[in-house]
Amino acid sequence: MALLVFSLLLYPDPTLAETCEVQSDIVDFKRVRVHYPPSCFEPKLNISDKLSELQDYINRSPRFPVQLTRLDYQLIDGGIQLQADAILDLPRQRKANVSFSQDLLLSVRDGSLNLSLGELNLRSPEVPVGLAKSSLLPAIRISVKDLDGSQMDDIIMANGGLQLAEQVDLKPNVLEFILEKLQPSIRIEIDDDLGLIITWGFD
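Basis of the calculations
- Residues numbered from 1 in each chain as written.
- Predicted model: local features only at pLDDT ≥ 70, side-chain atom pairs only at ≥ 80, totals over all residues.
- Heavy atoms only, no water.
- Helix = DSSP H or I, 4+ residues; strand = E, 2+ residues; numbered from the N terminus.
- Buried < 20%, exposed > 50% of the residue type's maximum accessible area, 1.4 Å probe, protein only.
- Contact = heavy atoms within 4.5 Å.
- Areas by Shrake-Rupley, 256 points an atom, 1.4 Å probe, with all protein chains shown as cover.
- Salt bridge = Lys/Arg side-chain N within 4 Å of Asp/Glu carboxyl O.
- Axes fitted to C-alpha atoms, helices over the stretch in contact; angles between N-to-C directions.
- Parallel < 35°, antiparallel > 145°, perpendicular 65-115°, else oblique.
- Left-handed = near helix turned anticlockwise from the far one by under 90°.
- Nonpolar A, V, L, I, M, F, W, Y, C, P; charged D, E, K, R; others polar.
- Expected span 1.5 Å × (residues − 1).
- Pairing = 2+ DSSP bridges.

Concerning the overall build of the chain
Here is step 1 of the chain: The helix and strand inventory of the chain stands at six helices and eight strands.
Here is step 2 of the chain: Starting at the N terminus and ending at the C terminus, the chain contains elements arranged as α-β-β-α-α-β-β-β-β-α-α-α-β-β.
Here is step 3 of the chain: Classification of the 203 residues of the chain by burial places 42% in the buried group.
Here is step 4 of the chain: A fraction of 50% describes how many contacts in the chain between residues 6 or more apart in sequence connect residues 24 or more apart.
Here is step 5 of the chain: Counting only carbon and sulfur atoms, one obtains 53% of the accessible surface of the chain, whose full area is about 11,700 Å².

Have a look at this one:
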């Protein structure tokens, strides 16, 4: 069962083996530990694709007075840091260019993803920092709110779970049941080299 879930997270691709080496181990015969070094984030976890979807969502929404022209990321201690350039639509038809970074702190508790806003650093030579922050924060808060509290089994099923179920001839509801039973034990950590460690198993 653990190997089944492991294959879901791994997304094997032999053409990427030379550039990305995911490490996996069985710990104490109870838990599976998977380590993704930073070189694996794109070929295995597709983080940039998710950020592109987030950028499109913010840019399409008329309620946010901001257009993101760049959105990147890096892992930090305790979470992920979003780094972006943006154009703000300010009162009186003014537009201003800003650059900012936003820390998102993440943890998993009882199978739920918990996200909270950390430090927001902003560079805005064209407009007061306070005004720029008040324009940006609503978009950031709403984006985080949509993910905060998400169940890990739902996240996995939405990111390759259905494809895996087809590959191993499982009904999607059977795979979702397995993931639901395992999700309370899922833990996510970030190591000193900014790699991602995911562990799960049975107590």
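Having put the structure on the table, let's press on.
A short note on the pattern of salt bridges
Here is step 1 of the chain: Applying the stated criterion across every chain yields a total of three salt bridges.
Here is step 2 of the chain: Notably, a salt bridge pairs Lys95 with Asp89, separated by 2.3 Å at the nearest N-O pair.
Here is step 3 of the chain: Here the residues in one salt-bridge network are Arg70, Asp72 and Asp85, joined through shared partners.

Overview of the packing of helix H3 (residues 47–60) against helix H4 (residues 129–147)
Here is step 1 of the chain: Put simply, H3 and H4 touch, their axes get as near as 11 Å, and they point 130° apart. By the angle class used here, H3 and H4 are oblique. H4 is crossed by H3, and the crossing has right-handed handedness. Seen from H3, the contacting residues are Leu54, Tyr57 and Ile58; seen from H4, they are Ala139, Ile142, Ser143 and Asp146.
Here is step 2 of the chain: For the contact of H3 with H4, a count of residues per class yields five nonpolar, one polar and one charged.

Concerning H3
Here is step 1 of the chain: Between its terminal C-alpha atoms H3 stretches 20 Å, which fits the 20 Å expected from 14 residues at 1.5 Å a residue.
Here is step 2 of the chain: Against the buried residues of H3 lie helix H2 (41–45), strand E3 (66–76), strand E4 (79–90) and H4.

A few points about the pairing of E3
Here is step 1 of the chain: In terms of strand pairing, E3 meets E4 through ten bridges, oriented antiparallel. Bridging from a neighbouring strand, Asp72 pairs with Gln83 of E4.
Here is step 2 of the chain: Here E3 folds back onto E4, and the loop between the two strands holds two residues, one of which, Gly78, carries a positive phi near 95°.

Some points on the environment of Gln55
Here is step 1 of the chain: With respect to the helices, strands and loops of the structure, Gln55 is situated in helix H3.
Here is step 2 of the chain: Overall, the relative accessible area of 16% leaves Gln55 in the buried class.
Here is step 3 of the chain: Linking Gln55 and Ser143, residues 88 residues apart in sequence, is a C-alpha distance of 9.9 Å.
Here is step 4 of the chain: Discounting chain neighbours no more than four positions away, the residues touching Gln55 are Leu68, Thr69, Arg70 and Leu71.

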